[in-house]
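# Chain and residue survey
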Amino acid sequence: MKVELINHTNDPIAAIENAASTCYDSMPSGEGKIFRHCYKSGHHSVLEFAEFSFRISGVSRALTHQLVRHRMASYAQRSQRYCVEDGFEFVTPGSVLAKPEADVIYQSVIDNIQKSYN
């Protein structure tokens, strides 16, 4: 797995405090007090005003499916409809790697998937 930070909010605490201060009709503390109060009290929606963009590669489609089920992020995922999948990468589960006979069957299935896709 490779994770690369490709963009981020320059001052995430200030961004969160600016948003949260609107909710509380106050001024940002400049010290993170409003941020800490929001976090501790469960007012997590204001955390969305701090943005971090990552490029994640070398993971399974099953893993990315779990990621997209959570609200605290937005996703742009490589399309399997519009991108050529020649020589696609895949993840072999450790339980399969632990059994040579299972690995042979798994690799055969992957080869058949690639042939069928082509």
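Read on for an overview of the structure. Every chain is numbered on its own, with residues counted from 1 as its sequence reads. Predicted model: local features are reported for residues with pLDDT of at least 70 only, side-chain atom pairs are reported and counted for 80 or more only, and whole-chain, interface and lining totals are derived from all residues. For side-chain calculations, the full set of non-hydrogen atoms in the structure is used, while hydrogens and water are omitted.

## Things to note about the overall build of the protein
Rules: Here a helix means four or more residues in a row that DSSP labels H or I, a strand means two or more in a row labelled E, and each is numbered from the N terminus. Within these notes, the globule rule equals 2.2 Å times the number of residues to the 0.38 power, and the radius of gyration is based on C-alpha atoms. Here the term buried applies to any residue with accessible area under 20% of the maximum for its type, exposed to any over 50%, and partly exposed to those in between, with areas from a 1.4 Å probe on protein chains only. Only heavy atoms enter the contact rule, under which two residues are in contact if any of them lie within 4.5 Å. For the accessible areas, the method is Shrake-Rupley and the probe is 1.4 Å, while residue cover comes only from the protein chains on display. This count recognises Lys and Arg as positive and Asp and Glu as negative, with His and chain-terminal groups excluded. Charge positions are represented by NZ for Lys, CZ for Arg, CG for Asp and CD for Glu.
Per the secondary structure count, the protein includes 5 helices and 2 strands. Its C-alpha radius of gyration of 21 Å places the protein more than 25% over the 13 Å reference for a compact globule of 118 residues. Viewed in the frame of its principal axes, the protein has a C-alpha envelope of about 65 × 30 × 20 Å. Classification of the 118 residues of the protein by burial places 17% in the buried group. Put simply, of all contacts in the protein between residues at least 6 apart along the chain, 49% involve residues at least 24 apart. Roughly 9,300 Å² of accessible area belongs to the protein as shown, and the carbon and sulfur atoms make up 55% of that amount. Distance between charge centroids for the protein: 4 Å, based on 12 positive and 13 negative side chains.

## With respect to the side chain of His-43
Our working definition: The definition of a polar contact used here is a pair of N or O atoms within 3.5 Å, where within protein one atom must be able to donate a hydrogen and the other to accept one, and adjacent residues in sequence count solely through side-chain atom pairs.
Within the element layout of this structure, His-43 appears in the loop between α2 (33–41) and β2 (52–57). For His-43, the side chain forms a polar contact with the side chain of Tyr-24, separated by 2.9 Å. Setting aside residues up to four positions removed in sequence, His-43 forms contacts with Cys-23, Tyr-24 and Cys-38.

## Let's talk about the pattern of salt bridges
Defined as follows: Definition used for salt bridges: Asp or Glu carboxyl oxygen within 4 Å of a side-chain nitrogen of Lys or Arg.
Per the stated rule, a full pass over the model turns up 2 salt bridges. Across the salt bridge formed by Arg-55 and Glu-4, the nearest N and O atoms sit 3.9 Å from each other. Linking Arg-55 in strand β2 with Glu-4 in strand β1 (residues 2–8), this pair joins segments that are 51 residues apart in sequence. Among the residues examined, Arg-55 registers a relative accessible area of 47% and is labelled partly exposed. For Glu-4, a relative accessible area of 33% translates into the label partly exposed.

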